[in-house]
Amino acid sequence: MRKIQDRWVISPRDVIAELECNHRLHLEWSVINELLPPAPREDSPELELLAEQGIVHERKLAQELKSKGSFIDVAPAGFAHDALLAAHEKTLTAISDGIETIYQATFFTNSFLGFADFLILVKDDSGQPLKDSEGRFVYDPVDAKSARSAKRAAVLQVATYAAIMQELNLATPQKVHLWLGGDAKWSTSALDLIDLAQFFMKRVRERLDTYDSLPTPQWAPPKESCARCRWSTHCDTGRRQDRDLSLIQGIRSTSRSLLVTNGITTIDQMAVAQDEDRPKLPREVSKATFATLRDQAAIQVKGEGAPKPIYEIKSIEAFGLMPESSEGDIWFDMEGDPFANDGAGLEYMFGYLFRNGSDLEFKTFDARDLAQEKIAFIEFIQYLIERRKTFPDMHVYHYASYEVSAMLRLAQRHGVLEFEVDSLIREGLFVDLYALVRNAFRFSTESMSIKYIEKVYWTGNRDKEVSNAVGSVVQFEKALGRLRDGKEAEFTKILEEIKSYNKDDVDSTQQLDQWIRQQALANGIDIAALRPVHEAKAEMISDGEHELPIALQLLDGVPADKGNRSEEQQALALLAAAVSFHQREARPAWWAIFERALKDLDEMDAFNDVVIPTKVEVGPWTISGRQRNHRRTVTIEADGVDLSHVLDFEHIPQLLYEVAPSAFKEIQGSTRGFSDAKIVEIDNSKVVFEEIEKKNFPMWDTAPMAILPGSPIDTSTISKILRDELGAGTLARKAENLPLFPNTAWCDVLLRRDPRQLSGSLTHSGDPVEDITASLLDSDNSYVAVQGPPGTGKTYVGAHVIAKLAKQGWKIGVVAQSHAVIEHLMNNVQEIDSSIKMAKRGQSEKSRPKYHVDEVGPWAAGIVDEGYVIGGTVWSFSSQKLRSL
Ligand code: SF4
């Protein structure tokens, strides 16, 4: 914001402040009114790197656009009033001239100043510039962001440009775009966001009118955006001076504000709070949360000034997460650079410590580009697989969820070792010591980062060139710069410094492992007795394969290069792809759920598809009428979140528990677990779920900690047929030296064999209905494919062929991707001949075709001597009842 000629001129930065933290707005206002000095420049290498990366990314895009068509840079020559006005006029002229790219588009009105990175001329389907009904060229605003995903603030910023373009009476943009790091692009309809941007702009203006003095206090409670805010030192200092509750490790902003409202404002007050001080009305802090915060505040206050952090054991059960020690154990830490590869990121170091005789040895797999990242990843996973053959009881210890998430990401990115990584994780090879420490111990530190707690057990020090994760990223970027300049030796030197930092991390992880075991011993905790309770397991895919997958067995002996395969080998490759298709498709969705489930609550909150409750109420377990299982309601509130944007009745979400009740999906190396829950009602920021008792397992009294996105659609019946019948059947024929692909329709398609006809060829009379009918009657257990673009009469021909064959006693199945398509074809058949017997189960009670039957299988089984037509999706035809017809 700035004051120009006595008028407030706001900018997108102010609009973002209104979204993220309006205290920032008040501080900025105070600076302009000379009540506060400007925020000092933060000495933050990360912020500097971010800014630098942003500029590089934007310039690269500008360069590309320049080479593609007409281009103008309208950046103002400074921030003086006249310079801004001139740039604004230049922007409007470029728009009316229809220049294809307008760089640094400047919008300067009496009350707004903003610079869109690019305005891009919209073209129609034939490549001509698009004009609106008033003959104005249509432009879309684009912002370049080096981040890999579209953050809320960036979306609002680019929407602000669309809103101001509308205000300036320019053509309304069709879309707003973010061009992200790693060449990712994000777009959405401009109209959907203009209202939102106008709403925030109005709020900023209204807020500015209310300010008349400095904010009190001059700091605000922490937000996610503090890490990127130039006032972060200012606010942090204020919080510390005032001993704010936010200093308590793990306190959530909702609990903090409820406590403050109830008169508990400092960590010291919280440390000695009584049960009766617990906020109950109008909103409650649960007993458990209150007790946890009080214990944490107390230990932090007690530990202040101590030479080392103090600690205590808070849960003996959590020690059960610790596997038995093995000769083959390794301690692992990865280094990644989110800025490398034009923002696509690079995992460049896989560091691990292992026992070599009586010594501990440190090694790394390194990468400097994507090709090497793939090799390093493959080598590391193969190293684990081989080592496991020697030490089947080994584990890989790491701290926090980064390593496991990165393994999953790399398998996906490079399309290799997905099954192996999945298996290693599911079998509990990786052990996250952070999950254990967080649950088992209470430390007097403000954070549970390993750098804070290691002072308790570690003999090393971090007095090195690279001493934290941000530092390692900054140094690696520097190293890549040296590499670009051809200075290999300097690159290697920096890499060695990072390696030394990485070794510190794995050393610290190894010593933490030892320390936890010593703590158990010293406190008489029998880890082995606790272990089965939390036996590491993660059933990611309910019907997963636990041996060498059939898909891999099918590929045995099939050359990797398509050009070197025989027709049969190519068919085997296609079959292998089909067999693993559903599992491969579902895996990323499962991995995304597990990734979220492993995070701390604050980190989880950053995901748009996760809901962190501000209040949870569970009802009693009840059973009534003909119900077979007990049920209970779980009411979750999330203040400030319109849950209808996150949840819907069609996608069943999962409720996440800190300690998984029995029969829930457990998460490897963690006490957490989740399960589906049915949504009963969504009312703004409140949602009511129904939980159902699990058969043969006890009911649970605990409350969920978060709502996770729903599991992927269950395709187990389909994949089971592909795997067990087609895949395993082929392997069995191979074992018995029988022809791999018998004369059946699916084998013909797989081998690209022409349709096999009894007469030797397809019928060609010129009448499609007659020809297709005759060809099908002449088919030798094969297929006839009919192909044609939309509108060429496939439904007409298909319906007539079906009607003719059904009348001749054929039993016909209609399958398609959607119910609507299936019913459309069946309706056509019915119109041709309403006497043909037909059945399909409707999608819902409200949407039922005339030929709806509840159970298609038994219905069809009762028709022996006549033809019929039944319809269903691939799920219906995979069911045993239809397959046994
Ligand atoms: S540091 Fe955090 S609380 Fe302070 S102004 Fe910035 S975003 Fe707001």
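Look a little higher up for the structure.
This text gives an overview of the structure that appears in the document. (Residues numbered from 1 in each chain as written. Predicted model: local features only at pLDDT ≥ 70, side-chain atom pairs only at ≥ 80, totals over all residues. Heavy atoms only, no water.)

**So, the sheet that holds strand 26 (residues 868–871)**
Then, number 1: In spatial order, the strands read 24-26-25; together these three strands make up an open sheet with parallel pairing. Looking at strand neighbours, the two that pair on one side only are strand 24 (811–814) and strand 25 (838–839), the edges of this open sheet.
Then, number 2: Pairing of strand 24 with strand 26, which is carried by four bridges, proceeds in the parallel orientation. Bridge pairing in strand 26 places Ile812 opposite Val869.
Then, number 3: Helix 25 (residues 794–807) contacts strand 24 and strand 26 of the sheet and is inclined by roughly 150° relative to strand 24. (Pairing = 2+ DSSP bridges. Helix = DSSP H or I, 4+ residues; strand = E, 2+ residues; numbered from the N terminus. Contact = heavy atoms within 4.5 Å. Axes fitted to C-alpha atoms, helices over the stretch in contact; angles between N-to-C directions.)

**Looking at empty space enclosed by the protein**
A water-sized probe, rolled over the atoms, reveals where empty space remains.
Then, number 1: With the rule as written, the count across this model stands at five cavities of 30 Å³ or more.
Then, number 2: Roughly 90 Å³ of internal volume is contained in the largest cavity.
Then, number 3: Contributing to the lining of the largest cavity are 14 residues, with Cys21, His23, Cys226, Cys229 and Cys235 lying nearest its centre. (1 Å grid on protein atoms, 1.4 Å probe; cavity = no way out; pocket = protein on both sides within 12 Å on 5 of 7 lines; lining within 4 Å. Points joined across faces, edges and corners; volume = space filled by probe spheres on them.)

**Here we look at the site of the ligand**
Then, number 1: Lining the immediate surroundings of the ligand are 13 residues, of which Cys21, Cys226, Cys229, Ser232 and Cys235 lie closest.
Then, number 2: Of all the cavities here, the one that holds the ligand is the largest cavity.
Then, number 3: Among the elements of the structure, helix 2 (22–32) and helix 7 (232–241) are those that each provide at least two residues to the shell around the ligand.
Then, number 4: Each residue belonging to the shell around the ligand can be placed in one class, and the counts come to eight nonpolar, three polar and two charged. (Near = heavy atom within 4 Å. Sits in = over half its atoms within 2 Å of the grid points. Nonpolar A, V, L, I, M, F, W, Y, C, P; charged D, E, K, R; others polar.)

**A short note on the packing of aromatic side chains**
Then, number 1: Under the counting rule described, the total for this entry stands at 34 aromatic pairs.
Then, number 2: Their ring planes at 40° and their centres at 4.8 Å tell us that Phe441 and Trp515 sit as a pair that is tilted. Of this pair, Phe441 sits in strand 15 (residues 441–443) while Trp515 sits in helix 17 (residues 488–522), placing them 74 residues apart in sequence. As far as the burial class goes, Phe441 and Trp515 line up, both buried.
Then, number 3: Seen from their ring centres, Phe594 and Phe674 are 5.4 Å apart, and the 80° between their planes marks the pair as edge-to-face. With Phe594 in helix 20 (residues 567–597) and Phe674 in strand 20 (residues 673–676), this residue pair connects regions lying 80 residues apart in the sequence. (Phe/Tyr/Trp six-rings, centres within 6.5 Å; stacked < 30°, edge-to-face > 60°. Buried < 20%, exposed > 50% of the residue type's maximum accessible area, 1.4 Å probe, protein only.)

**Remarks on the layout of surface pockets**
Then, number 1: By volume, the second largest pocket amounts to about 1400 Å³.
Then, number 2: Taken together, 37 residues line the second largest pocket, and the ones lying closest to its centre are Ile802, Ile812, Gly813, Val814 and Val815.
Then, number 3: Contributions of two or more residues to the lining of the second largest pocket are made by helix 22 (716–735), helix 24 (768–777), helix 25, strand 24, helix 26 (819–832), strand 26, helix 28 (874–878) and helix 29 (880–883).
Then, number 4: Take the lining of the second largest pocket: its biggest share by element is seven residues, from helix 25.
Then, number 5: Tallied by class, the residues present in the lining of the second largest pocket amount to 29 nonpolar, five polar and three charged.

**Describing the pairing of strand 21 (residues 678–683)**
Then, number 1: Where strand 21 meets strand 22 (residues 686–692), five bridges bridge the pair, whose relative direction is antiparallel. What sits directly across from Glu681, in strand 22, is Val688.
Then, number 2: In this antiparallel pair of consecutive strands, strand 21 and strand 22, the connection spans two residues, and Asn684 shows a positive phi of 55°.

**Comments concerning the nonpolar core**
Then, number 1: Core analysis: the biggest nonpolar cluster contains 43 residues, and Ile10, Ile102, Phe107, Leu119, Tyr139, Met201 and Leu208 have the highest contact counts within it.
Then, number 2: Mapped by element, the contributors of at least two residues to this core are helix 1 (12–20), helix 2, helix 4 (81–97), strand 4 (101–108), strand 5 (113–121), helix 5 (152–167), strand 7 (175–179) and helix 6 (190–210).
Then, number 3: The greatest single-element share of this core, amounting to ten residues, is contributed by helix 5.
Then, number 4: Excluding its chain neighbours within four sequence positions, the residues that come into contact with Phe107 are His88, Thr91, Phe112, Leu113, Gly114, Ala116, Leu119, Tyr161, Ile164, Met165, Leu168 and Leu170.
Then, number 5: In terms of nonpolar packing, the next biggest core, distinct from the first, is built from 31 residues, Met322, Val437, Ile525 and Leu530 among them. (Core = buried A, V, L, I, M, F, W, Y, C linked by side-chain atoms within 4.5 Å.)

**A word on the side chain of Ser508**
Then, number 1: Within the fold, Ser508 resides in helix 17.
Then, number 2: Within the structure, the side chain of Ser508 is placed 2.7 Å from the side chain of Glu454, a separation counted as a polar contact.
Then, number 3: A polar contact of 3.0 Å, which involves the side chain of Ser508, links it to the side chain of Tyr457.
Then, number 4: Beyond its immediate chain neighbours, meaning those up to four positions away, Ser508 contacts Ile450, Glu454, Tyr457, Trp458 and Arg462. (Polar contact = N/O pair within 3.5 Å; in protein donor to acceptor, adjacent residues only side chain to side chain.)

**Remarks on a nonpolar patch on the surface**
Then, number 1: Nonpolar side chains collect at one region of the surface, where Ile713, Val815, Val874 and Trp875 lie side by side and expose about 380 Å² of accessible area between them.
Then, number 2: Mapped onto the fold, Val874 is located in helix 28.
Then, number 3: For Val874, a relative accessible area of 36% corresponds to the partly exposed category. (Patch = residues over 30% accessible without salt bridge, like charges linked within 9 Å, V, L, I, M, F, W, Y side chains within 5 Å. Areas by Shrake-Rupley, 256 points an atom, 1.4 Å probe, with all protein chains shown as cover. Salt bridge = Lys/Arg side-chain N within 4 Å of Asp/Glu carboxyl O.)

**As for helix 13 (residues 418–426)**
Then, number 1: A large share of helix 13 lies buried, amounting to eight of its nine residues.
Then, number 2: Residues Glu418, Phe419, Val421, Asp422, Ser423, Leu424, Ile425 and Arg426 constitute the buried set of helix 13.
Then, number 3: Elements that come into contact with the buried residues of helix 13 comprise helix 11 (370–390), helix 12 (402–414), strand 14 (430–432), helix 19 (550–554) and helix 20.

**Things to note about the environment of His88**
Then, number 1: Considering the arrangement of structural elements, one finds His88 in helix 4.
Then, number 2: What makes His88 buried here is its relative accessible area of 6%.
Then, number 3: Separated by 17 residues in sequence, His88 and Ala105 place their C-alpha atoms 7.5 Å apart.
Then, number 4: Beyond its immediate sequence surroundings of up to four residues, His88 is in contact with Thr106, Phe107, Phe108 and Leu168.

**Quick word on the side chain of Ser444**
Then, number 1: With respect to the helices and strands, the residue Ser444 is situated in the loop between strand 15 and helix 15 (450–453).
Then, number 2: A relative accessible area of 12% means that Ser444 is categorised as buried.
Then, number 3: Once residues within four sequence positions are removed from consideration, Ser444 is found in contact with Ile299, Gln300, Gly303, Pro309 and Ile310.

**Here we look at the pairing of strand 11 (residues 346–356)**
Then, number 1: Among the eleven residues of strand 11, nine are classified as buried, and the element is accordingly described as predominantly covered.
Then, number 2: One ladder, built from eight bridges, connects strand 10 (residues 330–337) with strand 11; its direction is antiparallel. Across the sheet, Phe332 pairs through a bridge with Tyr352, a residue of strand 11.
Then, number 3: Between strand 11 and strand 12 (residues 359–366), which pair antiparallel in sequence order, lie two residues; one of them, Gly357, sits at a positive phi of approximately 65°.

**A word on helix 26**
Then, number 1: Under the 1.5 Å per step criterion, the end-to-end length of helix 26 is 20 Å for 14 residues, consistent within 8% with the ideal 20 Å.
Then, number 2: By the burial criterion, the buried members of helix 26 are Ile822, Glu823, Leu825, Met826 and Val829. For helix 26, the angular spread of buried residues about the axis comes to 160°, placing them on one side. Away from the buried face of helix 26 by more than 90 degrees, exposed residues Ala820 and Glu831 are located.
Then, number 3: Next to the buried residues of helix 26 lie helix 25, strand 24, strand 25 and strand 26. (Expected span 1.5 Å × (residues − 1). Arc of directions from axis to C-beta.)

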